[in-house]
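Observations on the model geometry
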Amino acid sequence: MPQVLIVDDDEDIRVVLRIALEDAGYAVHEAANGAAALDVLRQADSAMVVLVDYVMPRVDGAGLLDAAAALSPSAPQHAYILITASPQRISPDFTAQLDARGVIVVSKPFDMTAILEVVARASAQLVQVS
């Protein structure tokens, strides 16, 4: 089962997601911003499902997705889920980029059952690829 990386500057959200995902059997890593998440991704030796908040300090969700796309081609391929409180603020151009990259967008407030289903789907796709 692929690991999950939660990237959100809101500690409460990270904790709630971590507990639910660990209860579902996932090994979970956390990062409080995109810069810290990039460190985790650079060191990853296997694929991860990455839950990314859209608005964060230092490196936001869009910046993380761009930087992750530039990681070494030999790095594990990760699946990304973008979480946002304001989906209407995402530009049509960025939405097209997300679609092209296969990034799933989930709106806050989110339903935990829906998050677990999306993570399970992304996890299954990663397992099929590897």
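My aim in this report is to walk through the structure given alongside it, one point at a time. Owing to the predicted nature of the structure, the values given are computational and were not obtained by experimental measurement.

Before going further, it helps to spend a moment on unusual backbone geometry. Here Lys108 and Pro109 are connected by a cis peptide whose omega angle stands at -10°. Among the secondary structure elements, Pro109 is positioned in the loop between strand 5 (104-107) and helix 5 (112-129). Despite not being glycine, Arg58 shows a phi value in the positive range, around 65°. On the secondary structure map, Arg58 appears in the loop between strand 3 (48-53) and helix 3 (61-69). For Arg58, a relative accessible area of 71% translates into the label exposed.

To continue, consider the packing of helix 2 (residues 34-43) against helix 3. Where helix 2 contacts helix 3, the two axes come as close as 9 Å, and the packing angle between them is 25°. Accordingly, the angle class assigned to the pair helix 2 and helix 3 is roughly parallel. Crossing of helix 2 over helix 3 shows right-handed handedness. Contacts between helix 2 and helix 3 involve Gly34, Ala37, Leu38 and Leu41 from the first element and Leu64, Ala67 and Ala68 from the second. Split into classes, the residues belonging to the contact of helix 2 with helix 3 amount to 6 nonpolar, 1 polar and no charged.

Take the layout of surface pockets next. Taken as a whole, the largest pocket spans an internal volume of roughly 390 Å³. If you list the elements that add at least two residues to the lining of the largest pocket, you get helix 3, strand 4 (79-84) and helix 5. For the lining of the largest pocket, the element with the highest residue contribution is helix 5, accounting for 4 residues. For the lining of the largest pocket, the per-class residue count stands at 14 nonpolar, 5 polar and 1 charged.

Conventions adopted
- Residues numbered from 1 in each chain as written.
- Predicted model: local features only at pLDDT ≥ 70, side-chain atom pairs only at ≥ 80, totals over all residues.
- Heavy atoms only, no water.
- Helix = DSSP H or I, 4+ residues; strand = E, 2+ residues; numbered from the N terminus.
- Buried < 20%, exposed > 50% of the residue type's maximum accessible area, 1.4 Å probe, protein only.
- Axes fitted to C-alpha atoms, helices over the stretch in contact; angles between N-to-C directions.
- Parallel < 35°, antiparallel > 145°, perpendicular 65-115°, else oblique.
- Left-handed = near helix turned anticlockwise from the far one by under 90°.
- Contact = heavy atoms within 4.5 Å.
- Nonpolar A, V, L, I, M, F, W, Y, C, P; charged D, E, K, R; others polar.
- 1 Å grid on protein atoms, 1.4 Å probe; cavity = no way out; pocket = protein on both sides within 12 Å on 5 of 7 lines; lining within 4 Å.
- Points joined across faces, edges and corners; volume = space filled by probe spheres on them.

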